[in-house]
Every structure is written in structure tokens, then in C-alpha cells.
Amino acid sequence: MQKKPSRKADKFWNKIKKIARQSSLNFSLKRFLFWLCFFFSFCIPLLIAQVSLSTPVEQNSQMTTVTTTELITQGQKLYQEQQFEQAEVIWQQVVKIFIKQGDRINQAMALSNLALIQQQLGQWEANKKAITESLKLLKYLPQTPDQQRILAATLDIQGQEQLATGETAKAIQTWQQVIKINQAIANPIGVMQGQINQAQAWQDLGQYPKACQILVDALALNTSDCQITETHLQNLPNNSPLNLQAIALRSLGNVLRVIGQTEISQQVLIKSFQLTKKVGNPQELAKVYLSLGNTARALGNQNDANKQLIATNNLTDSVACIPEIPQEKDFPFAQQAATCYQQAIINASKLDAVHAQLNLLSLFNQTQQWPKITPLIAQIQTNLSLLPLSQAAIASQLKLAQNLICLQLVGTARPISRKDFALMSPVLQQCPIFSPIQSIVPDQDQQPFQIPPLSRDAESFGATTVFLSEIPSLDNINQAVILALRQAQSLGDQKNEVNAWGYLGAIAQQKNDLKSAEQFTQQALKQVSAYNFPDLTYRWQWQLGRLYQRQSETQAAISAYSLAYQSLQSLRQEIVTTNREIQFTFRDGIEPVYREFVDLLLQKDNPSQETLEKARDIIESLQLAELNNFFQEACLEIKTQKIDQIDPHAAVIYGIVLPERLAVILSSPGKPLQFYATAKASNSEQGGAIMIEKTVDSLFATLNPYIASIDPLQPNRNLYNWLIRPAETELAKNKIKTLVFVLDDVLRGIPVSALHDGKQYLIEKYNVALTPGLQLFSSQPFAVNRLKVLVGGLTESRQGFAALAGVKKEVEEIATLASAKILLDENFTRDRLENQIQTQNFPVVHLATHGQFSSKAEETFLITWDERINVKNLDKLLREQNQVARNPIELLILSACQTALGDKRAALGLAGVAVRSGARSTLATLWSIQDQSTADLMTQFYQAISQPNASKAEALRQAQLSLLHSPEYQHPYYWAPFVLVGNWL
């Protein structure tokens, strides 16, 4: 059934016809070249949504008798009804008419609209030719307002062609021209459309913060840091058309989902839904449903048990796939996502329908809804066959192939060992059944998102028998990928061609044809250079490295991993990005490359100094990459330093969690690096990461002073034996006073001062400090003649957090030991804190308030009387001092914060706070005590740090020892959570 043009379109076209009737033909056509190009540019799908092919009809023999105006009207109507093949015939005739008349400006207009229609048909060569001819004509025409409007519209169409065919960087430059032209001719609507399109291109390159700021500017929202609130949505400026606002909001909602702001992402998308509904555009509404489905799955991933309630919103209209849920009822996010996808399919274009169906297929795979899978695959295959050739269509074919490869793996009943699982193709790590964070084919904006796993245990899952006899065989999947490869080659689509070769390698690997897998993967790497596509290069270098490992070619594997690592290093500024065609999450797609490379390097019992230095550098790079990923932006500057240059009495201990063991590198001043590791266990379940995680769990289980344990110090001794004991002789020989830990994975959250050698705690022997790596270290020593402290704190319950009874005494005692400006309770607001920092120089900022460290930046925050301060905004608050006195904060003390419950990587948030605050050192707590013990410890700390030449690490040690040696607080619960991060001098 053909779609009926909208009332708005009819009203618009009637206006055009009226202009034509009231004026001469020449004048009316001159007006057409503005109105028609503007109309098409304004109403075409901004993100090149493809449509299905219409059945061609024979040319009307009476067509030659129709006036040019009526011919253009008919072409416009056919376009709106998505009868593109017939519309192409009409516009080709219009072009010929204007050529015959010698009307170059209208000829350019007609060529541009012809190119637009050819894009919808996937006729890319013809499309490029038409655009080139149009731009050539416009170049030699006088720069009148109409010529400039036509030029901007034509460039906009060219930008869409460039985006669709993979020339994303060129598309960004083209849309920058569009924006400048529209600004020059005072066309704000054209400017906004150019901004929306440019933001999409930045998203395709993974530059989400940049895309976010462009969209915020386009919507005229009053925020400079992409922190959108419900107030922004309720007070959305109404100075632009509703349909453009709706599209910009949808794009913004997708960006917010990617950078982790999922709840506000949903609110933004609901607002987009409301505006789109008012406009009455069914296909655009389908796109919003698609985005809402992806965000629902992202919300589900944030709660492993799928029990997180949907955020309450004050926006008026409801959305069909987002019903209101009672507070006491668990919310089924998977069902919500499925419903949104199904709603999207109803009115979506063919391409959007394929995207929604692929998302649904991934969801059914993850939730094991096998009966629904085979009919859905048939529907996807049918819709794919109807899509015109484009980069997005080929990427969808490859994504279907990836889903089918996963299903083939599900269908094998053989057990899968952890070692085999670790050496599978990286393509298979995207399978939702394995991955803790699933990447799916996204909506039109190609954004990634996440869902929780069914099982992390590959062995138990591999033993599951599933009847999937109707799933295409690996040979059939292989043929489909070959077809995608040929299509990519015909289109000149390098990225999809590279990925198709890589997929052929993955399929061959699954068939255990390792030599063919190696050849296909090498072919993928021949088609791409790290300079052009490092985000693709490292993945297939990684696959090649695993293939070499499978064939016990260790040296070749090391070479492949080295290249993959170099590619990742070249991606330093884009490490948080996600590739459009094959989307990996950080933990599954980037982190393993570092760890597997280190594991390969350290296979020998006595690695060389060169090898140890390389392994150390890789681990420091991983720490940096994790922090960049935590912030979802490349925000950290690095400066290579050696421990010799910092402190001659300190040693650095790198604890590296590897699959089958714990490896340690010891760096002492002026000495060769030392290496030691735990023995590889014959049963990998008891070695490496599993063993370490169980020990860390046991350690935390003994930290409650009210729960008795037969041997409470056993995990403390185990960790000491692994991390410290092999280095005891070296540490004593070199007269080491301070141990600086660069810890990895779950080790980052342990209270290292509580490690025990069987006779005494580590803090009784050494000063202790933590750092994400010496690359992020600020080496200036702490030198303050008289302490000047800005103290902020809460004693009363605020924002759902309990009262902090011990804070008042803590603050009072600080005031007796240092020159202190105190902001307590209602005086402890963000504005007052910011004002003090801006106007005065405080070497120490002490915040005795609730806070949380999490592995997610959006869940890492500090509490003031009036609001939460998110870690991403901490630099804007605390670094203002740099603008005034150019003296950074020497020490930031957070005495009542804690790591998020159940988050084993929460210490990443602590490192994030330490880095983002700009302070040279951060003293914080791994768990909140808020007892008299905290006040006592802080009193001892301030007394110690006031002494001449006292280091921060030594002051903290003396304070901790004062509690340890007291009868009341000798249990580690009271003194062990205090950790110093950063500069220990």
C-alpha cells in the first residue's frame, strides 16, 4: 500500500503551486529551485534511511504534454510515496527540459534531486555523477541567495552519499560547508540540519562527546558538558521545527546511551517520541522505537538481575513499549526492548526494519527463545534481499552472519574448555550468550549497547544441547559472507570488505580449518592499514594472534599481538569508540588484547629486561585505556617517568591478573626489573583470575569485626605471599621505605596495607600508596609551611543518604590542627564550595561527605547539601584553583566515601576521581566507617603531615598505626580502608 503524503506536505505543495500560478513560468521555476531543494533537503531522512524498491511502471506516453511545473509536482509526489524508480524517470526528464532551455540553475536543482532519488535506489555511481554535474553548474553561477541555498542543499545530499559509502571524514567536511553557507544566508533551519548530520558522522567515527556537544548546540540547550536534565527537556526552546527537534533529540538520546547516561537517554528519547508523534511521521516514529529498545536493553544491563526500576519522568505522553510499572514490581527490560523493536518494525523502512529484527534476533539468542529465532531469520533474509546496495545494508548482512555463527556455536553440544574459549575468534566473543556486555546491530545511528549475560561459564554453557536444525550451516553462512564481500568490493566499501575477510577467517576457524582462517585474516589485514582504520586493524591482528596461538606458533603470535597493541596505541584518542560493523565492548574487545599480549610475553620463567619493560608498559597503557574508557573520552595526558626519577626509597609493584596465574613485576630504583609469578595450576578453575577473585572475596568476608573467623588472616597472607614475599630480600637490600602498587582488575580494590606476612601487617613495615601508573604521576613533593584546608561536610541525612554522626567531631578537630575554612551542612553547597576554591588558595581540600566509587562514571559521585557532583564534573569544580593561583590541590581527602556494593571493579572510580580532580594526591576510603575511629585517624594524619619534610604516605602510615596499636580499633576494618592514590611524597 502506498503511503499517503502528510497534510504538512500537501499544504506546502499547494503553496508552491499558488506561487507558480501567480507568476510567469520563469519566475515560478526560479522559486522552485529554492523551495523544492529546501523541501527535499528538509524532509529527506537525515540519516539516509533506505527504502524498499518499488515495482517499475511504464513511462506515461502523455508525459510530454505535461507542463514542467506539473512534472515536478508529480516527481515530488512519487518521491513522497517512495516510488523511487518512477520518480527517477520523471526527474531525468526534468533535467533534459532544463538542459534544452539552457536554465543552468534549475538544471542544477533537478540534478540534485535526481541524485537524492538515486541514493534511495543505491545507484551510487549515477548519484555521484549527478551531484558532480550539479556542483559544477553551481560553481560558475553568480552567488545569489537562491544559488547559495541550492548549493547548501546539494552539498547536504553529497554528505549523505559520503556517509553511506564510508567516506565519513569527507562527510564531516562537507557538512561543515553546509553549515557555513546556511549561516551566511541566515538560514537557521539549514544550519540545524547540517549540525544534526555532522553529529551523526562524528558518532560513526566514535567521537561521541563531540557529537553530543554539536547536538546540544543545535537544540540550544543551556549546557556545555552534555549533562542533560529533565528541566532541559521541559524547557526545550521552540525556535526550530518540531521534526528537526525530534530527530536531534533522537540522535542525542543515542549518544547519551553510548556514554553511559542511560536513564536520561530514555527521557530524551521519550521527548523525541512525543514531538515525532505530533509531526505525524510513522517512519521517524519507528526510528525512535528502535532507539528506545536499545536503551531499554542498556538499562537492563546496568542491573544484572534485571530488577532495576524504570526512572520516573515528568514528561506527559506515554510510549507504547514503555508502560508504567508499580514500584514493587521488577521491570522486565528484555520484554520492553522486544516490544519496542516490534513496534519499530511496523512502520519502519526496510533498512530500519532489518536493524530492529537483528536486534530482536540478538535478544532472542541471549534469552534462549529458540522457537522464535528461525522464522525471524527468514524474515531478515527476505528484507535484506530487498535492500538497495549500501554500506549499511552490507554491514547488516555481516551482522546476521555473526548472529548465525553464534547460533551454530550454540548448536554444538560439545563442552568448551576455558582455554579453547579464550582462543576463539574475537567475532564469537560478541555472542550474547558469552559476553557480559552485548554489542548489537544498532538503530539508524549505529550506536552500541549492552545486556547482561546468561552465563559466564563457557564450560557449562557449552554442554547445553539445543535443537537448531533449521539454522543455516557454516557453509551457507560462508556463502552469505562471500556475497557481502563482493558487494563491498563493487561499492568500494573498504571497511565492510575488510570485515568480510575477517568473518571468513572466523568461520574457517570455527570449522577448525586454521590455515584457511589464517589466510583470510591476513587478507583482511592486506586491505587496511593501521593509519586509515586502526579500529579495524587491531581486531583482525588480534584474531591472527589467537590463530597463531592455536597452532603453538608463539613468536608469530607475539608479533601479531605487538601490531594489535600498536594499533590500539594509535587509537589513544579514540580508545572509547565502537566500530560500526563489528562492535566490541572495552572488557571483551580491548582489555583482553593487553592481557593476552602480556601473558605471551611472560611465558618464559626468566624473561629478559626488554620483555619485562614491554610488559610493564603494556599494563600501564591498559590502566590509561581503562580510565579513558571509564570517562568515555580520551581525557588523560601522560608523561613517561621512572621510579628512579621520583623517589630513591620507593619500589613499584605491578600485580598483573592473567588467565592462569598472577604475575608480578617489581621496579626498584636503579635496579633491573624483577619478575615472579604464581605457579600455573593444572586446573585453570583454581588458577589465575578465578583463584585471585576467590581470595579477594575471602579477604572482604573477614573484614567485618563482628563476624568471627577460624583463620581471618589467611587471605591476607595469601595475597602477601603472591605480591610481596618473593621480593622481600630485594626490598630490604635496597632499603625501600615505600611500596607503590599498580594493581590490576579485582586487586585494585583490596586494602593493601592489611596484607600480612604471618607476623605483622604490611603497613607496619612500609609506607603504602596506589597509583594507576607512573605515567599519570605528578612528582612534586608536598611542601606546605602551614596547612590551609577547605573543609566541607554533612552531618545530616541528605538525598537519601544517612546522617554522618562522626563528621562534626572530625571537622572540629581539623580546625584545631590547621587553618581551616569550614562549610558544614546547609553551607556545604556546590556554589559555596566553588566560590571558595575560585577565590582562595587551599593546598588541602577535605570533604567529609557521602560519595561512591563505581566502575561506571555516571555512578561515581560526591554529595553536597544541594546536589550530587559527578566525577566527570569534578575537574570543573576543583581545578578552578588552577585558574586563580596556578597551584593545583596538593591533597584531596574524601573521608566518608565507599566503593559501590557488589562492584568488583569499583576502585576504577576511585582512580577516576583521583585523576579527574586534578589533585596531586587523593586520600580516600574503600568503605565508609564514620566512627570515632575516623576522627582519631584524621587527627593523627594532620599532626603527622604538619611535621617538617613529612611525606603523605608516611603521615597516613603513622595515622593507621595509631589505630592498629589502640585496643579499640586494631581490627583492619577501622584503619585498612584508607588509601593514598597518586603522589606519595
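Cut-offs used in this document
- Residues numbered from 1 in each chain as written.
- Predicted model: local features only at pLDDT ≥ 70, side-chain atom pairs only at ≥ 80, totals over all residues.
- Heavy atoms only, no water.
- Helix = DSSP H or I, 4+ residues; strand = E, 2+ residues; numbered from the N terminus.
- Buried < 20%, exposed > 50% of the residue type's maximum accessible area, 1.4 Å probe, protein only.
- Contact = heavy atoms within 4.5 Å.
- Areas by Shrake-Rupley, 256 points an atom, 1.4 Å probe, with all protein chains shown as cover.
- Phe/Tyr/Trp six-rings, centres within 6.5 Å; stacked < 30°, edge-to-face > 60°.
- Axes fitted to C-alpha atoms, helices over the stretch in contact; angles between N-to-C directions.
- Left-handed = near helix turned anticlockwise from the far one by under 90°.
- Nonpolar A, V, L, I, M, F, W, Y, C, P; charged D, E, K, R; others polar.
- Pairing = 2+ DSSP bridges.
- Polar contact = N/O pair within 3.5 Å; in protein donor to acceptor, adjacent residues only side chain to side chain.
- Expected span 1.5 Å × (residues − 1).
- Core = buried A, V, L, I, M, F, W, Y, C linked by side-chain atoms within 4.5 Å.
- Disulfide = S-S within 2.5 Å.

Peer 1: Help me get a handle on the overall build of the protein chain, residues and values and all.
Peer 2: Looking only at helices and strands, one finds 40 helices and 15 strands in the protein chain. Split into buried and exposed, the 985 residues of the protein chain put 62% on the buried side. Contacts in the protein chain between residues at least 24 apart in sequence constitute 73% of all its contacts with a sequence separation of at least 6. As presented, the protein chain carries roughly 38,200 Å² of accessible surface, and 48% of it is formed by carbon and sulfur atoms.

Peer 1: Describe the packing of aromatic side chains, with residues and values.
Peer 2: Within this structure, the stated rule accounts for 14 aromatic pairs. Look at phenylalanine 273 and tyrosine 289: their rings are 5.4 Å apart centre to centre, the planes differ by 70°, and that puts the pair in the edge-to-face class. One end of the pair, phenylalanine 273, is in helix α13 (residues 262-279); the other, tyrosine 289, is in helix α14 (residues 282-302), with 16 residues separating them in the sequence. One exposure class covers both phenylalanine 273 and tyrosine 289, and it is buried.

Peer 1: So, the packing of helix α25 (residues 554-570) against helix α27 (residues 591-601): which residues are in play, and what are the values?
Peer 2: Running from N to C, α25 and α27 point in directions that differ by 145°, and their axes come no closer than 10 Å. α27 is crossed by α25, and the crossing has left-handed handedness. Contact residues: α25 offers Thr554, Ala557, Ile558, Tyr561, Ser562, Ala564, Tyr565, Leu568 and Gln569, while α27 offers Val593, Tyr594, Glu596, Phe597, Leu600 and Leu601. Split into classes, the residues belonging to the contact of α25 with α27 amount to 11 nonpolar, 3 polar and 1 charged.

Peer 1: Give me the lowdown on the sheet that holds strand β11 (residues 868-870), citing residues and values where you can.
Peer 2: Pairing is mixed across the open sheet formed by 4 strands, whose spatial order is β11-β10-β9-β13. In this open sheet, the two edge strands, each paired with only one partner strand, are β11 and β13 (897-899). On average, adjacent strands in this sheet sit at an angle of 20° to one another, irrespective of strand direction. Pairing of strand β9 (residues 851-853) with β13, which is carried by 3 bridges, proceeds in the parallel orientation. Bridged to glutamine 852 within β13 is glutamine 898.

Peer 1: Outline the side chain of threonine 771, supporting the account with residue identities and numerical values.
Peer 2: With respect to the secondary-structure elements, threonine 771 resides in the loop between β5 (767-770) and β6 (788-793). Here the side chain of threonine 771 touches glycine 773 through a polar contact of 3.1 Å, landing on its backbone oxygen. Among residues more than four places away in sequence, those in contact with threonine 771 are Val740, Phe741, Val742 and Gly982.

Peer 1: Account for helix α3 (residues 68-80), naming residues and giving values.
Peer 2: The first and last C-alpha atoms of α3 sit 19 Å apart over 13 residues, in line with the 18 Å expected at 1.5 Å per residue. For α3, the set of buried residues is Thr68, Thr69, Leu71, Ile72, Thr73, Gly75, Gln76, Leu78 and Tyr79. Following α3 by one or two positions, glutamine 82 has its phi on the positive side, about 65°.

Peer 1: For the nonpolar core, give the residues involved together with the corresponding values.
Peer 2: Ranked by internal contacts, the top residues of the largest apolar core, which has 228 residues, are Ile724, Leu739, Phe741, Ile750 and Trp984. Here the element with the most residues in this core is helix α18 (residues 391-411); it accounts for 12 residues. Setting aside chain neighbours within four positions, we find isoleucine 724 in contact with Ile653, Tyr676, Leu719, Leu731, Leu739, Phe741, Leu755 and Leu762. Formed by 69 residues, the second largest nonpolar core is a distinct cluster that contains Leu71, Ala171, Ile247 and Leu249.

Peer 1: Which residues make up helix α22 (residues 494-510), and what are the values?
Peer 2: The first and last C-alpha atoms of α22 sit 25 Å apart over 17 residues, in line with the 24 Å expected at 1.5 Å per residue. Summarising burial for α22: 15 of the 17 residues are buried, a large majority. Taken from the residues just after α22, asparagine 512 is the one with a positive phi, measuring 65°.

Peer 1: Describe the state of the cysteines, with residues and values.
Peer 2: With the rule as written, the count across this model stands at 1 disulfide. Note on cysteine connectivity: cysteine 212 is disulfide-linked to cysteine 226, with sulfurs 1.4 Å apart. Given an S-S torsion of about -70°, the disulfide between cysteine 212 and cysteine 226 has left-handed geometry. Taken together, the residues span a long stretch of sequence, with cysteine 212 in helix α10 (residues 208-218) and cysteine 226 in the loop between α10 and α11 (230-234) at a distance of 14 residues. Exposure class is identical for cysteine 212 and cysteine 226. Each is buried.

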